[in-house]
Amino acid sequence: MEYDFSKLNDREFEALGASIIENILTKRVEIFKSGRDGGVDGRFWIGKTKEGIIQCKHYIATPYTTLISKLKSEELAKVKKLKPARYIFITSKKLSRKYKQEIKTIFHPFILSEVDIYGYEDLNLFLSKKENQNIVERNYKLWITSTSVLDLIYNNAIKGRSVSTIREIEENAYKYAITENHKKGLKILEENNVVIMTGEPGIGKTTLADNLALYYTAKGFEFCDIEENISEAESIFREREKKNIIFYCDDFLGSNLYDAINNKRDSHIVKFINRVRKDNSKKFILTSRTNILNKAFSLSHRFQNGKIRDNEFLLRVENLTNVDKAKILYNHIYYSNLDVEYLDKIYHNKRYKEIIKHRNFNPRIIEFVTDSGRVGHISPKEYWEYIIKNLNNPEDIWADYFQNQTDDCVRALTFLTVYNNGKISEDELRRSYNAFLKIHKVNLGDQTDKSFEAVRKLATKSLLNRNQIDKNKFEYVLFNPSIADFVLGSYSNESDLVSNIIKSLETETSLDYLQILTGSKKINNSNSKKIQENLFDFFFERKLNEEDWDFLILLSYLDFFNEKLNKRIERFLTTLINADNPSGKRTWELLLILTEFEPKIEFNKFDFLHNFIEDISDEDILKELLNFIDTYGIEDEYILMQVETLIDNYLRNIVDNNNLDVHYPSHIKEYYYFEGYPEYDIDLNGIESEIQQSLDSFLDGFNVSVLEKIEFDISRFVSNLDVEGMANSFFESYEPDYERDSDGGYYSGSSNEDDIDAIFERS
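Computed from a predicted model, the values in this text were never measured in an experiment. (Residues numbered from 1 in each chain as written. Predicted model: local features only at pLDDT ≥ 70, side-chain atom pairs only at ≥ 80, totals over all residues. Heavy atoms only, no water.)

What to know about the overall build of the chain
Of the regular secondary structure elements, the chain holds 39 helices and 14 strands. Counting only residues that meet the buried cut, the chain has 51% of its 763 residues in that class. Residue pairs in contact within the chain that sit at least 24 positions apart in sequence constitute 74% of those at least 6 positions apart. Only carbon and sulfur atoms are counted for the fraction: they give 45% of the accessible area of the chain, which is about 37,600 Å². (Helix = DSSP H or I, 4+ residues; strand = E, 2+ residues; numbered from the N terminus. Buried < 20%, exposed > 50% of the residue type's maximum accessible area, 1.4 Å probe, protein only. Contact = heavy atoms within 4.5 Å. Areas by Shrake-Rupley, 256 points an atom, 1.4 Å probe, with all protein chains shown as cover.)

Laid out in structure tokens, this is it:
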């Protein structure tokens with residue numbers, strides 16, 4: 001048996017050394033936080049007063065001469081100061097008899113015998129003994145990478161895709177940090193046989209799933225990597241009914257959610273999951289993005305009835321404790337191959353805590369900022385700024401991939417999705433993509449297929465996700481929200497590009513989003529004006545002829561004080577006012593433009609508003625409408641009648657949604673029990689009065705003059721409510737408050753600051 005100690009970081013090696021000595025001496029070994037006690041990695045007692053010390057040096061790749069030099073220059077002074085009765089030295093390096101003699105001489109008289117010096121061969125010999133396997137298995141990475149377990153892992157992978165998957169998982173296991181999530185995942189699998197891990201991209205759900213699968217494979221389970229086709233897993237289940245199998249499915253449902261449900265594959269999935277739940281020789285690990293899984297539960301009664309969510313293990317970054325995050329960060333920097341000058345920037349003033357506690361802490365970002373290949377072009381002086389920049393702006397992570405590893409056509413699909421507010425139907429994306437290729441200069445590069453179908457396959461799973469939303473209907477969303485942050489930060493000042501994207505999209509959503517980007521200063525005022533002017537040049541005449549009023553309203557609303565567009569906006573408004581039965585949904589924007597635009601538009605009639613105010617429920621739009629009526633002294637009977645109906649509906653919606661916040665218990669005159677059941681004597685007039693006061697507050701800010709003009713009577717509205725029914729509905733579930741102790745509140749555990757410092761403590 002041979003063990004690969006290179007897969008352990010120094011903290012893990014120290015813990016291993018302490019476990020070995022504890023087992024050999026059959027006495028308790030105390031483990032100290034690294035570096036805190038002058039080079040003591042473990043302590044044991046000889047009798048009641050004599051102290052024994054353990055020192056571990058994980059110098060596996062260090063030349064022997066360097067090891068000896070460090071022992072003389074650094075460790076010897078520490079040992080002399082401690083004066084232990086017995087000193088045990090452990091290293092991951094191979095040691096000859098001569099080397100052991102030299103080490104014993106250095107630490108004379110504290111090392112009593114060469115037996116107290118453990119090198120690579122000694123550790124392997126000890127760990128290979130059957131009676132010591134419990135120590136190996138407690139050290140996950142050591143166990144996983146042992147030769148016998150590796151043979152088991154590779155032999156247990158079911159042929160085909162499973163072999164390459166498990167090999168890739170094992171090769172990356174050395175960077176894995178055991179967290180509380182790992183323990184919870186194992187517990188769920190042991191109890192339920194099925195675990196579904198959900199979360200956003202980059203939080204580590206796949207890494208966790210990988211290592212749980214690796215754990216069971218190392219335990220003798222055959223490994224089966226399945227994709228969407230559950231029948232593949234069912235077939236293997238039948239073939240190997242008596243064998244232990246771990247089924248693994250990354251990105252469960254994925255972009256094929258609706259296909260699964262529409263074609264009744266959700267039934268197959270539910271049946272298979274329930275079958276695994278009942279068979280302890282089988283385990284099933286699945287991962288899914290949170291939004292996909294939530295959508296599945298909302299759409300599929302089979303998922304609901306099958307109680308699939310009972311097995312859900314929701315993995316979020318919030319589930320990671322600060323100590324877990326510290327382990328993840330430490331593991332990444334330990335294996336980063338970064339020069340010490342870079343690592344010093346993280347250790348300076350304990351900056352690692354700033355990373356751990358950052359709101360955007362994410363294993364994917366940590367991997368990115370500790371990748372020596374990516375960091376190579378950054379000087380040590382710039383490194384800390386580089387880390388913080390990527391944490392503050394995680395969208396920058398996409399820069400290299402987006403700009404250097406994709407072509408113009410894939411970028412085009414991403415641009416179109418981003419500027420449509422991160423979501424677009426497949427039909428719209430296809431149409432927009434083909435339009436963009438005609439409008440914008442695109443480098444087609446090689447002669448490969450640049451059709452929508454070919455390009456969308458390249459973009460999917462890297463920059464975009466393709467989700468089925470209905471039968472034969474698909475929708476594209478960004479693979480990760482930070483892609484939008486990157487694109488907006490990098491390209492929003494390119495007015496010609498943004499103009500051509502919006503021209504190609506030709507959606508109200510894109511105009512709304514453009515307004516948001518301008519308001520949030522993602523696009524500066526100068527570029528915003530240029531984009532608006534470009535869009536007017538492209539759309540104005542056609543949309544005016546088509547009487548696409550909402551599109552023109554949004555286009556004008558981008559900036560209706562833009563002097564270069566003044567004449568065309570005036571022409572549009574005049575045309576709209578004089579049109580026959582114009583209609584639209586953009587009432588709020590229209591009213592604001594009509595109120596603020598210069599020169600003032602002359603109104604001889606207001607029937608152009610009739611179809612714009614048919615279905616308004618938004619409070620702000622209602623207020624704006626009343627102000628508009630007051631400003632222009634509107635007497636149009638239909639408009640005034642419609643406004644009364646709209647306000648009535650607005651208040652009715654508040655009542656129906658129980659947003660009144662009425663304190664019903666304060667209106668109980670008497671509370672008593674009759675034949676074991678509670679009875680109430682309720683002050684209905686008091687409740688009605690409180691309801692009226694509450695509704696009055698909801699009308700604060702509404703134009704009083706117009707309310708008087710339409711003779712809106714709040715008391716009449718309240719009198720039409722079923723106040724008694726509302727009260728009875730509340731009291732059906734009401735229980736009077738009794739005295740409760742005052743010990744409630746949030747419990748806060750002890751600080752784990754010392755634990756974090758211990759992980760990063762330098763010897």
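Remarks on the environment of aspartate 615
Its place among the elements puts aspartate 615 in the loop between helix H32 (587-596) and helix H33 (619-631). In this structure the C-alpha to C-alpha distance between aspartate 615 and asparagine 649, which are 34 residues apart in sequence, comes to 9.7 Å.

A word on the pattern of salt bridges
Counted by the stated rule, this structure contains 37 salt bridges. The closest approach of N and O atoms between aspartate 559 and lysine 529, which form a salt bridge, is 2.7 Å. Of the two residues, aspartate 559 is situated in the loop between helix H30 (549-557) and helix H31 (566-577) and lysine 529 in helix H29 (residues 525-546); the sequence distance between them amounts to 30 residues. According to the relative accessible area criterion, aspartate 559 is buried, its value standing at 16%. (Salt bridge = Lys/Arg side-chain N within 4 Å of Asp/Glu carboxyl O.)

Concerning the environment of aspartate 722
Tracing the chain through its elements places aspartate 722 in the loop between helix H37 (714-719) and helix H38 (723-731). A relative accessible area of 53% places aspartate 722 in the exposed class. Considering only alpha carbons, one finds aspartate 722 and glutamate 688, 34 residues apart in sequence, at a separation of 9.6 Å.

Section: the environment of lysine 100
With respect to the secondary-structure elements, lysine 100 resides in helix H3 (residues 97-106). Relative accessible area serves as the criterion here: at 14%, lysine 100 is assigned to the buried category. Along the sequence, lysine 100 and phenylalanine 89 sit eleven residues apart, while their C-alpha atoms lie 9.9 Å from each other. Not counting chain neighbours up to four residues away, the residues in contact with lysine 100 comprise Leu95, Glu114, Ile117 and Asp122.

Side note on the sheet that holds strand S4 (residues 117-118)
Taken in spatial order, the four strands line up as S1-S2-S3-S4 in an open sheet, and their pairing is mixed. Strands at the two margins of the open sheet, each flanked by one partner only, are strand S1 (42-46) and S4. Inspection of the sheet shows S1 paired to strand S2 (residues 50-57) by five bridges, in the antiparallel sense. When the bridges of S2 are listed, arginine 43 appears paired with isoleucine 53. Those strands touched by helix H1 (residues 10-25) are S1, S2, strand S3 (86-91) and S4, and its axis lies near 130° from that of S3. (Pairing = 2+ DSSP bridges. Axes fitted to C-alpha atoms, helices over the stretch in contact; angles between N-to-C directions.)

What to know about the nonpolar core
Soluble globular proteins tend to bury their nonpolar side chains together. Among the nonpolar cores identified, the biggest contains 113 residues, and Tyr419, Leu651 and Leu695 are the most heavily contacted of them. It is helix H34 (residues 637-656) that contributes the most residues to this core, nine residues altogether. Filtering out sequence-adjacent residues up to four positions away, tyrosine 419 remains in contact with Val487, Leu488, Tyr491, Ser492, Val498, Ile501, Ile502, Leu505, Ser510, Tyr513 and Leu517. One finds Phe5, Tyr118, Leu123 and Tyr140 within the second-largest nonpolar core, a separate group that totals 49 residues. (Core = buried A, V, L, I, M, F, W, Y, C linked by side-chain atoms within 4.5 Å.)

Points about unusual backbone geometry
The peptide bond linking histidine 108 to proline 109 adopts the cis configuration, its omega dihedral lying at 5°. Among the secondary structure elements, proline 109 is positioned in the loop between H3 and S4. Here the residue pair glutamate 598 and proline 599 is connected by a cis peptide bond, since its omega of 0° sits within 30 degrees of zero. For proline 599, the position within the fold is in the loop between H32 and H33. In this model, lysine 83 sits at a positive phi of 50°, which is unusual for a non-glycine residue. Topologically, lysine 83 is positioned in the loop between helix H2 (64-82) and S3. Using a relative accessible area of 64% as the deciding quantity, one classes lysine 83 as exposed.

Here we look at H34
Given a rise of 1.5 Å per residue, 20 residues ought to cover 28 Å, and the 28 Å separating the end C-alpha atoms of H34 matches this to within 8%. Those residues of H34 lying buried are Ile639, Leu640, Gln642, Val643, Leu646, Ile647, Tyr650, Leu651, Ile654 and Val655. Buried residues along H34 sit against H33, helix H35 (684-698), helix H36 (704-709), H37 and H38. Residue aspartate 636 occupies the N-cap position of H34, its side-chain oxygen lying 3.0 Å from the main-chain nitrogen of tyrosine 638. (Expected span 1.5 Å × (residues − 1). Polar contact = N/O pair within 3.5 Å; in protein donor to acceptor, adjacent residues only side chain to side chain.)

Digging into the sheet that holds strand S12 (residues 473-478)
As summarised here, the arrangement of the three strands in space is S10-S12-S11, forming an open sheet in which the pairing is antiparallel. Every interior strand has two partners, whereas the edge strands, strand S10 (423-425) and strand S11 (464-470), have only one. In this sheet, neighbouring strand axes are inclined to one another by 25° on average, regardless of whether the strands run parallel or antiparallel. Inspection of the sheet shows S11 paired to S12 by six bridges, in the antiparallel sense. Bridging across to S12, leucine 464 finds its partner in leucine 478.

As for helix H21 (residues 380-392)
The first and last C-alpha atoms of H21 sit 19 Å apart over 13 residues, in line with the 18 Å expected at 1.5 Å per residue. Buried within H21 we find Tyr383, Trp384, Tyr386, Ile387, Ile388, Asn390 and Leu391.

Overview of the packing of aromatic side chains
Throughout the structure, instances matching the rule amount to 39 aromatic pairs. Aromatic pair phenylalanine 368 and tyrosine 386: ring centres 6.4 Å apart, planes at 20°, arrangement stacked. One end of the pair, phenylalanine 368, is in helix H19 (residues 363-369); the other, tyrosine 386, is in helix H21, with 18 residues separating them in the sequence. Summarising the aromatic geometry, the rings of phenylalanine 536 and phenylalanine 540 are spaced 5.6 Å apart at their centres and angled 25° between planes, so their arrangement reads as stacked. (Phe/Tyr/Trp six-rings, centres within 6.5 Å; stacked < 30°, edge-to-face > 60°.)

Focus: the packing of H35 against H38
Where H35 meets H38, the axes come as close as 10 Å, and the angle between the chain directions of the two elements is 100°. Taken as axis vectors, H35 and H38 run roughly perpendicular relative to one another. Taking contact as the criterion, the partners of Leu684, Ile687, Glu688 and Ile691 in H35 are, on H38, Val723, Glu724, Met726 and Ala727. Among the residues making up the contact of H35 with H38, the classes are represented as six nonpolar, no polar and two charged. (Parallel < 35°, antiparallel > 145°, perpendicular 65-115°, else oblique. Nonpolar A, V, L, I, M, F, W, Y, C, P; charged D, E, K, R; others polar.)

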